[in-house]
Each structure stands twice: as C-alpha cells, then as structure tokens.
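What follows is the residue order along each chain.
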Amino acid sequence: MAFVDLDDFLARARLRLDPVGGEERLSEGGDIEFLDADGIANIRRAAVLVPIIPREGGPTTLLTHRPMTMKAHPGQVAFPGGKVDPVDADEIEAALREAEEEVGVNPDEVKLIARGAPYITGTGFRIVPVLGVLPEGFVPRPDPVEVDSVFETPLSFLMKAANHQRQKTSWKGQMRHYYEMPYDGHRIWGVTAGIIRALYERLYEPGEEVV
C-alpha cells in the first residue's frame, strides 16, 4: 500500500534510504545527461532539508517559493537548502544551516531521519536531500531576501503516485521529462518534484500503490 501514517513513512525512510551518518549507498539520479564534460567536472555540492511537520491534521512538508531575483530557479517551489559552504562539515550541516537562514528552523530541534539519493541538476548541482522532523508547533519565519513565501503540503499527497503528473518539454536542445505536482494553487515541479518522486519510488515499491 502507499502512505499510511508518519510512523510507517519514517520506518521506511530509515530502512530504505541512506543513514544520517556513514557512506552513501543510493545511486545518483536527476539530469546529469544535460551536462557536458566540463559541467560534470565542476558539479557543485548542495543539500536541502525535507522538513516534515507532525501537524494535528496529519504530517505536512514545508516548501518555499524562491524569489524571482534568484539566479538559479527563480520563482520555483523548493525545499529549504543551498550550496555546501566551506563552513559546513557536510551536506547535513549545510541543509540545517540553510533551513535556519531561510525559514527559521532551529537545527537543535530537528530530528534527523535519513538521506535520500543525490539529485544532479541540469544547472550543475549535486543535491543531497536530508529528511528531518520538525516540532509539531513549528512556525516558519521566512527570510524575505531568500524566500518569497512558504506553504505546507500534506505528506500523504506527495507520497501518492496519482498526484505525480509526468510532463515533457524541450530544454537545451533535448526532450526532457519531468514531474509536476499541482497543489492548492502551487506548482511543485522540476528539481523539487524530482526529489519527491525519487523518495516515493524508493520508499514505496511498484505494486504497493493503492489509487
């Protein structure tokens, strides 16, 4: 079956994703085929926090809208995150730092669960998704410089294949397939939808989905 509840989701994440510490085991995914040799040689490390909030009505995932002034992916829906800076020990520290800067997450209050498969973007970033549970009473404090707005999407919605619309477009002279997950007027697509879809495929094997 598909998403049941938060406990089942977290149990699957701990079992099927990479542990918070230790070596990576999951294969990279994403859009590496859109990078040339120079782009591959200069891939930059990045990380995002996949923030899960155990709300009374069911667990949600916090997402942001990037400002239109951003150089990369302006205006798109994204998880809190960014490049791994020299001050960061690893991708996990980068994800927590960025989440604190962007939406006011206290790193000490995040219950880290697991790491998803690295996602390589067509713009040359290698993004490691870090799953973490926030306090149930978490109130986001978005930084207006880095975040245009925030919203929450039910985890049950994101972990349901029927809500994953497969689309295609021409990009860099090639046909690119991508996922789109429209929710309550928000267009979740591109890299963010790709990360969500990869998590879904890893946590809920083919044949488990009940539509």
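Where an unreviewed UniProt entry is consulted, the protein appears under the name CoA pyrophosphatase, with the organism given as Henriciella algicola.

As a further point, take the overall build of the protein. Looking only at helices and strands, one finds five helices and 12 strands in the protein. In terms of overall size, the protein behaves like a compact globule, its C-alpha atoms giving a radius of gyration of 16 Å where 211 residues would be expected to give roughly 17 Å. For the protein, the C-alpha atoms occupy an extent of roughly 45 × 40 × 40 Å along the three principal directions. Among the 211 residues that make up the protein, the fraction classed as buried is 50%. Across the protein, every contact between residues at least 6 apart in sequence was considered, and the portion connecting residues at least 24 apart equals 66%. Accessible surface, the protein as shown: approximately 10400 Å² in total, 51% of it carbon and sulfur.

Another aspect to go through is helix α1 (residues 6-16). Within α1, the full set of buried residues consists of Leu6, Phe9, Leu10, Arg12, Ala13 and Arg16. Down the axis, α1 shows its buried residues gathered within 160 degrees of arc, on one side only. Pointing more than 90 degrees away from the buried face of α1 are the exposed residues Asp7 and Leu15. The inward-facing, buried residues of α1 contact β2 (44-55), β3 (58-65), β6 (111-115), β8 (125-133), α4 (155-158) and α5 (190-203). Capping the start of α1 is the job of one residue whose side-chain oxygen sits 3.3 Å from the backbone nitrogen of Asp7: Asp5.

Tallying each qualifying case throughout the model produces 12 salt bridges. Arg187 is the salt-bridge partner of Glu180, the closest N and O atoms lying 3.4 Å from each other. Taking the relative accessible area as the measure of exposure, Arg187 reaches 38% and is therefore partly exposed. Connected via shared salt-bridge partners are Asp85, Asp88, Arg97, Glu98 and Glu101.

One pass over the structure, following the stated rule, counts three aromatic pairs. Measuring from ring centre to ring centre gives 6.4 Å for Phe3 and Phe9, while their planes differ by 50 degrees; the resulting arrangement is tilted. Both residues of the pair, Phe3 and Phe9, count as buried. Here the basic side chain of Arg44 rests over the ring of Phe125, its NZ or CZ set 4.1 Å away from the ring centre. The positively charged end of Arg187 is found above the aromatic ring belonging to Trp189, 4.1 Å away from the centroid.

How each quantity is defined
Residues numbered from 1 in each chain as written. Predicted model: local features only at pLDDT ≥ 70, side-chain atom pairs only at ≥ 80, totals over all residues. Heavy atoms only, no water. Helix = DSSP H or I, 4+ residues; strand = E, 2+ residues; numbered from the N terminus. Rg over C-alpha atoms; globule rule 2.2 N^0.38 Å. Buried < 20%, exposed > 50% of the residue type's maximum accessible area, 1.4 Å probe, protein only. Contact = heavy atoms within 4.5 Å. Areas by Shrake-Rupley, 256 points an atom, 1.4 Å probe, with all protein chains shown as cover. Arc of directions from axis to C-beta. Polar contact = N/O pair within 3.5 Å; in protein donor to acceptor, adjacent residues only side chain to side chain. Salt bridge = Lys/Arg side-chain N within 4 Å of Asp/Glu carboxyl O. Phe/Tyr/Trp six-rings, centres within 6.5 Å; stacked < 30°, edge-to-face > 60°. Lys NZ or Arg CZ within 6 Å of the ring centre and 35° of its normal.

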